[in-house]
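Structural overview for review
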Amino acid sequence: MKANAIFQEYNDHILLTYTRMPAIFVKGKGSVLTDIHGKKYLDFFPGWGVSNLGHCHPKVMGAVRDQIGKLIHIPNNLYNPYQAKLAKELVRIAFEGKIFFCNSGAEAVETAIKFVRMYGEGKRHEIITTINSFHGRTMGALTATGQDKHQKGFMPLVPGFKYVPFNDLNALKASLTPQTAAIVLELVQGEGGINVAAKEYVQAIRQICNDKKILMIVDEIQTGMARTGEIFAYKHYGITPDVMCLAKALGGGLPIGAMIVKKELADIFKPGMHGSTFAGSPLVCKAALGVIKAIYAEKIMKNVKAQGPYLVEKLNELKSKYDIIKEVRGLGLMIGVELTIEAEAIFKECFARGLIINCTQGNVLRIMPALNVTRRQINKAIHILDGAMAAVAGQPQKVSS
């Protein structure tokens, strides 16, 4: 099928809910994507962080190949060994608790919202989230998302939500009422512009939740599975959440989500209160087990802790050359480059030159390479980004030291 015909099929038959780049991809391996014409792209934003181990990682592919000829799906009123094994592994690497499996991050957040309502027993129902957060696009998750631009046109939203500025403890305290049942927090706001939560802020929230019997819900949908240099970002903060939402990288490319709750809370949900038809299938659970195995066997977190600071260092070198770079920030290999101009032109120029990154919040370049990225690949990405900035903003406006 020719490229123009594929573009036309999209235009004719697929809802226009995405702004797509003009390339058709047919193959991926590691940090490299190949399009229909054979052009190779260095992928430094693999699937919004879904492909944390790069495309078609051998341990994930091996698990999928082994399972797909045996059993793909069974309903959740039957048992399958890999769902049990994956739950045990997640509890081992996270905290003592129980798990509900689903298919996406938004579904994990929806599950958490329903869990809060049951926890409140009809007496408490309010949920506090932060401005510029992003928790998904289904109605509950959309309401939890603290960004008007995503909510516009979808009113009325789900009642019972409040929004407070990120990293502002006083504002959060002022929003508390006897009706407050939960606080939902991203430790690094991804779509919000790579804003990192302060340690003292997170620890203070944990204490508030302890004192007032409020659920602390951490959204690790993008930060989870080693993205920040720890298996889960909350481990940087010396706290344990009551509820954690996972998805994206957990399945290595296959759709899976999960909500983990502390064991002492697990009996809140009873049979029939919640469900998900496709969730926790043998196939996706086997893939997720491959992801966990690879992260530990290949010392992925060690690589993140080495390459993350190196990437930040190289980006700060660009900052010394270009006045358009205001700040470089992030945690592990979840990095934002805030610009003084709109980021779209640079994002598009990078794409044209064979580098895939992302732009968010208008003026932030979001860079999230595969966690097994090499220094050589980082140097190549920096070279392309340097050229793109020069092309868009003109020649460097500072002399590099």
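Before going into details, it helps to say that this report is about the structure given with it. (Residues numbered from 1 in each chain as written. Predicted model: local features only at pLDDT ≥ 70, side-chain atom pairs only at ≥ 80, totals over all residues. Heavy atoms only, no water.)

By the definition in use, this model includes eight aromatic pairs. Ring geometry for phenylalanine 25 versus phenylalanine 351: centroids 6.4 Å apart, planes at 85°, classification edge-to-face. Of this pair, phenylalanine 25 sits in strand 1 (residues 25–29) while phenylalanine 351 sits in helix 11 (residues 344–352), and the two are 326 residues apart along the sequence. Exposure remark for phenylalanine 25: the relative accessible area of 33% places this residue in the partly exposed category. Using a relative accessible area of 8% as the deciding quantity, one classes phenylalanine 351 as buried. Taken together, a centroid distance of 5.0 Å and an interplanar angle of 40° make the contact between tyrosine 41 and phenylalanine 351 tilted. Of this pair, tyrosine 41 sits in strand 3 (residues 40–43) while phenylalanine 351 sits in helix 11, and the two are 310 residues apart along the sequence. Chaining the aromatic ring pairs together yields one cluster made of Phe25, Tyr41 and Phe351. Cation over ring: arginine 92 sits above tyrosine 296, and NZ or CZ is 5.7 Å from the ring centre. (Phe/Tyr/Trp six-rings, centres within 6.5 Å; stacked < 30°, edge-to-face > 60°. Helix = DSSP H or I, 4+ residues; strand = E, 2+ residues; numbered from the N terminus. Buried < 20%, exposed > 50% of the residue type's maximum accessible area, 1.4 Å probe, protein only. Lys NZ or Arg CZ within 6 Å of the ring centre and 35° of its normal.)

The next point concerns the nonpolar core. Counting residues in hydrophobic clusters, the biggest one holds 87 residues, and the most contacted among them are Leu315, Leu365 and Leu385. If one sorts the elements of this core by residue count, helix 9 (residues 282–297) sits on top with 10 residues. The residues contacting leucine 365, other than those within four sequence positions of it, are Ile335, Gly336, Val337, Leu339, Ala343, Ile346, Phe347, Ile357, Asn358, Cys359, Leu385 and Met389. By size, the runner-up hydrophobic cluster in this structure holds 29 residues, among which are Val109, Ile113, Cys245 and Leu265. (Core = buried A, V, L, I, M, F, W, Y, C linked by side-chain atoms within 4.5 Å. Contact = heavy atoms within 4.5 Å.)

Let's shift gears to the pattern of salt bridges. Where charged atoms from two side chains of opposite charge come close, those side chains can pair. For the structure shown, the criterion picks out 17 salt bridges. Measuring nitrogen to oxygen at the nearest pair gives 3.0 Å for the salt bridge that ties glutamate 89 to arginine 92. Of this pair, glutamate 89 and arginine 92 both sit in helix 3 (residues 81–93), three residues apart, which is roughly one turn of that helix. A salt bridge links glutamate 96 to lysine 263; the nearest nitrogen and oxygen atoms lie 3.3 Å apart. Residue glutamate 96 is located in the loop between helix 3 and strand 4 (97–102), and its partner lysine 263 is located in the loop between strand 12 (257–262) and helix 9; the two are separated by 167 residues in the primary sequence. The exposure class of lysine 263 is partly exposed, given its relative accessible area of 44%. Through salt bridges with shared partners, a single ionic network connects Lys326, Glu327, Arg329 and Glu338. (Salt bridge = Lys/Arg side-chain N within 4 Å of Asp/Glu carboxyl O.)

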